[in-house]
Amino acid sequence: MNDSGANTSPSASKFIEMANAIRALSMDAVQQANSGHPGMPMGMADVATVLFSKFLKFDPSKPNWPDRDRFVLSAGHGSMLLYSLLHLTGYKDMSLEEIKNFRQLGSKTAGHPEYGHADGIETTTGPLGQGLATAVGMALAEKMQAARFKDIVDHHTYVIAGDGCLMEGISHEAASFAGHLGLEKLIVLWDDNEISIDGKTDLAVSDNQLKRFDALGWDTQTIDGHDPDAIETAIAKAKESNKPSLIACKTTIGYGAPNKQGTSGVHGAPLGAEEIALARKELNWPHAPFEIPATIRDRWRAVGTKGARISSAWEKAFDALSTDEKSAFETSLSGELPSSLDDAMLAYKKQLTEDAPGWASRKASQEALNIINEHVSTTIGGSADLTGSNLTKTSHLDPVTPEDFSGRYVYYGVREFGMSAIMNGMALHKGFIPYGGTFMVFTDYARPAIRLSALMEQRVIYVMTHDSIGLGEDGPTHQPVEHLASLRAMPNVNVFRPADAVETAECWEVALKSKKTPSVLSLSRQGLPLVRNDYTSENLSAKGAYELSAANIDAQVTLLATGSEVGIALDAQKALEAEGIGTRVVSVPCTDLFDAQSQSYQTETLGPGTVKVAIEAASSYGWSRYIGREGEFVGLDSFGASAPAGDLYKHFNITSEAVVEAAKKQL
Ligand SMILES: Cc1ncc(C[n+]2csc(CCOP(=O)(O)OP(=O)(O)O)c2C)c(N)n1
Ligand SMILES: [Mg+2]
């Protein structure tokens, strides 16, 4: 393949030129940016050329056509592979200018593919392994969507993954889950080049990946990743399989760079002018940097334009649906909520103020979900093996099984990171609103995917229960301390810690309506008294913080509290006022939303001129911006302990007496 094509058939040499166009753009863009990863795109150019020209169902003129195949570059460092493909096949927003501006501020061609930057980038990748897991979520969403709209949904999810992706632990969670559910339209092309950054992969890994995937219920093959016929045969075979497929594509990293190929030296550094000149010779690519000869460009464009026929055929099939089916499909894709939900939630809130249940907020979440899941048909619940603790399942939700994808509840198994990345994939695919649960302390296991939900602006809802020492006997391994603060520090995540059943309903409502922001609902294991006794139609939690209880006499003290500690604040308020100290209580269900309110609302809510105490059974980190350096904090900056919840609150001095003392100290 390295020669000019003199000894190869005309069609083979045309193919080589197409693949070399990717190689040239990749090495030239990396060289121009003076940073980037040429090795992977050059190594996988042949595989990608076969995939895009022979299999991938896509239409650059309708990039978001719902039944397109999804392509995920899990090895996101090879971003120039994707950008080259999008440019060559004719995606309008991937101009040559963008390629030339690779890795520059404001370009669509960021260092790693970023969702939302350009059409055809189906997900943000770069954190290795996560793209694969996200793709599993897309493949799951396809099966679920096909179970609902069988005449118009039938697409594949293709992934290019590297050695790094397969070394990452999440590859196990994701592949195991995909194997269990038999997601047969998922096809992973593994860039089996035996090189990663530190050198040969055998420095660190000697897994038999094929046996591993085989054991996880996958179909596996090995091919020469530079042999177009072998690549074509393997993908065709994978499409026939009734299991997810892994194709090990034996490749040479940096293929075409004569002195550097096959070494870790081409992984993540420009080839350099000299080596690029030699590669041009080696690849028989005499053209100037960024110049693609018209004949080769036309061949690539033809690959792009042939998708238009397929997308039009799909549109015809869609038009043939009944009006109801059409609108159901469109509504599911739009992610809009039915208007009936608003009234139902108001009626529910009203009922709560009358009944005043003392539910744990995890129970309140389930009750809110009872309403939500009845009105919103696209919510997909789930839990990482804690369904009975997270209370994420409602009676409306049947399980998703390998035999039946029409259900709405996913048993993710003990795979928190996998679950979270899979939910990202489902949200990106569109058609569903995923939520999933585990213990709050295990947000740490899910965190890299929560971060991508936030970066990609995806509405994924994390139902994180057992949110403090209030969970009691399970002890410090299970008791979150720093988690609220660390999640609040993450951009574009709303972290909710509701105080009672009313706030829980309100927080759920905000989470559902935040189409571009993921939410973490931090919920108690223990019962919480209702603190919102007066019905109001306004969603007070949407402001992030609000005065829950005004002072009955001139306010000298403001108590700020969240979740289970709001009740403690109200007790302290009573005690302080009994001593003639006017005290107000501010409930803070979501600091992120509060920080977004007007300065005047924030100042007014924080109670200018009053002394301040914040109460939260968690780390004090971050609270000083509300209470100042003088304010007092009642919480815990150490790990918890194993004991009944009541004993722990006393032991750690998170009591109304402690709050009273903290307030008086400042007066
Ligand atoms: C989670 C994560 N850890 C580390 C990195 C940094 N990193 C980027 S590429 C890479 C090596 C990947 O090797 P491989 O997948 O074989 O890619 P190749 O060198 O073959 O292109 C590493 C460690 C990352 N991007 N993500
Ligand atoms: Mg590699």
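Residues numbered from 1 in each chain as written. Chains lettered and ligands numbered in written order. Predicted model: local features only at pLDDT ≥ 70, side-chain atom pairs only at ≥ 80, totals over all residues. Heavy atoms only, no water.

Caption draft 1: Main features of the sheet that holds strand 12 (residues 494-496). In space, the 6 strands of this open sheet follow the order 9-8-10-11-13-12, with parallel pairing throughout. Only two strands of the sheet have a single neighbouring strand rather than two, namely strand 9 (409-411) and strand 12. Adjacent strand axes in the sheet meet at a mean angle of 20° when their direction is disregarded. Where strand 10 (residues 433-439) and strand 11 (residues 461-465) come together, 5 bridges link them in parallel fashion. Note that in strand 11 the partner of G437 across the bridge is V463. (Pairing = 2+ DSSP bridges. Helix = DSSP H or I, 4+ residues; strand = E, 2+ residues; numbered from the N terminus. Axes fitted to C-alpha atoms, helices over the stretch in contact; angles between N-to-C directions.)

Caption draft 2: Highlighting the layout of surface pockets. A volume near 700 Å³ is recorded for the largest pocket. In terms of lining residues, the largest pocket is bounded by 31 residues, among which Y115, A427, L428, K430 and Q458 are the most central. (1 Å grid on protein atoms, 1.4 Å probe; cavity = no way out; pocket = protein on both sides within 12 Å on 5 of 7 lines; lining within 4 Å. Points joined across faces, edges and corners; volume = space filled by probe spheres on them.)

Caption draft 3: Representation of the packing of helix 20 (residues 565-578) against helix 25 (residues 656-666) in the model. Between helix 20 and helix 25, whose axes approach to 8 Å, the crossing angle comes to 55°. Here helix 20 is positioned oblique relative to helix 25, judged by the angle of their axes. The handedness of the crossing between helix 20 and helix 25 is right-handed. Where helix 20 abuts helix 25, its residues I568, D571, A572, A575 and L576 lie against S656, V659, V660, A663 and K664. Here the contact of helix 20 with helix 25 is composed, by residue class, of 7 nonpolar, 1 polar and 2 charged. (Parallel < 35°, antiparallel > 145°, perpendicular 65-115°, else oblique. Left-handed = near helix turned anticlockwise from the far one by under 90°. Contact = heavy atoms within 4.5 Å. Nonpolar A, V, L, I, M, F, W, Y, C, P; charged D, E, K, R; others polar.)

Caption draft 4: Just the coordination of the magnesium ion (ligand 2), in detail. Bound to the magnesium ion (ligand 2) on the protein side are D163 (OD), N193 (OD1) and I195 (O), at distances that span 2.0 to 2.1 Å. Taken in sequence order, the residues that donate to the magnesium ion (ligand 2) follow the motif D-x29-N-x1-I. With D163 in helix 6 (residues 163-167) and N193 in the loop between strand 3 (186-192) and strand 4 (195-196), the pair connects residues that are 30 residues apart, well separated along the chain. Both residues of the pair, D163 and N193, belong to the buried class. (Donors = N, O, S within 2.8 Å, 3.2 Å for Na, K, Ca; no water. Buried < 20%, exposed > 50% of the residue type's maximum accessible area, 1.4 Å probe, protein only.)

Caption draft 5: Structural view of the pattern of salt bridges. One pass over the full model with this rule turns up 30 salt bridges. A salt bridge links E122 to R68, with the nearest nitrogen and oxygen atoms 2.8 Å apart. One end of the pair, E122, is in the loop between helix 4 (96-100) and helix 5 (130-148); the other, R68, is in the loop between helix 2 (39-55) and strand 1 (70-73), with 54 residues separating them in the sequence. Each of the salt bridges in this network shares a partner with another, and the network as a whole consists of D192, E194, K200 and K250. (Salt bridge = Lys/Arg side-chain N within 4 Å of Asp/Glu carboxyl O.)

Caption draft 6: Focus on the site of ligand 1. Among the 15 residues in the neighbourhood of ligand 1, the closest are listed as H77, G164, N193, I195 and H267. Contact distances for ligand 1 include 2.7 Å between an oxygen atom and a side-chain N or O atom of H77. I195 is positioned such that a nitrogen or oxygen atom in its backbone is 2.8 Å from an oxygen atom of ligand 1. Considering ligand 1 on its own, with 590 Å² of exposed area, one finds that the protein chains cover 74% of that surface. Taken together, the residues of the shell around ligand 1 sort by class into 6 nonpolar, 7 polar and 2 charged. (Near = heavy atom within 4 Å. Polar contact = N/O pair within 3.5 Å; in protein donor to acceptor, adjacent residues only side chain to side chain. Areas by Shrake-Rupley, 256 points an atom, 1.4 Å probe, with all protein chains shown as cover.)

Caption draft 7: Spotlight on empty space enclosed by the protein. Per the counting criterion, the structure on display carries 1 cavity of 30 Å³ or more. What the largest cavity holds in volume is close to 70 Å³. Contributing to the lining of the largest cavity are F52, L56, F58, R68, D69, F71, L82, L86, Y91, G120 and E122. Taken together, the residues of the lining of the largest cavity sort by class into 7 nonpolar, 1 polar and 3 charged.

Caption draft 8: Structural detail: helix 1 (residues 10-33). Along its 24 residues, helix 1 runs 34 Å from first to last C-alpha, staying within 8% of the 34 Å computed at 1.5 Å per residue. The element helix 1 is extensively covered by neighbouring structure, given that 17 of its 24 residues are classed as buried. N34 lies just past helix 1 and shows a positive phi near 60°. (Expected span 1.5 Å × (residues − 1).)

Caption draft 9: Broad picture of unusual backbone geometry. Positive phi, close to 85°, is recorded for K430, a residue that is not glycine. Relative to the helices and strands, K430 is located in the loop between helix 16 (416-429) and strand 10. Overall, the relative accessible area of 36% leaves K430 in the partly exposed class. Despite not being glycine, N653 has its phi angle at roughly 60°, a positive value. Along the chain, N653 turns up in the loop between helix 24 (645-651) and helix 25.

Caption draft 10: Seen up close, the sheet that holds strand 15 (residues 555-561). Pairing within the open sheet is mixed, and its 5 strands lie in the order 14-16-15-17-18. Edge strands, defined here as strands with exactly one partner in the open sheet, are strand 14 (546-549) and strand 18 (632-634). The sheet shows a mean angle of 30° between the axes of neighbouring strands, direction not considered. The sheet contact formed by strand 15 and strand 16 (residues 582-587) spans 6 bridges and is parallel. Bridged to L559 within strand 16 is V585. Packing of helix 25 onto the sheet brings it into contact with strand 15, strand 17 (611-615) and strand 18, and relative to strand 17 it is tilted by some 155°.

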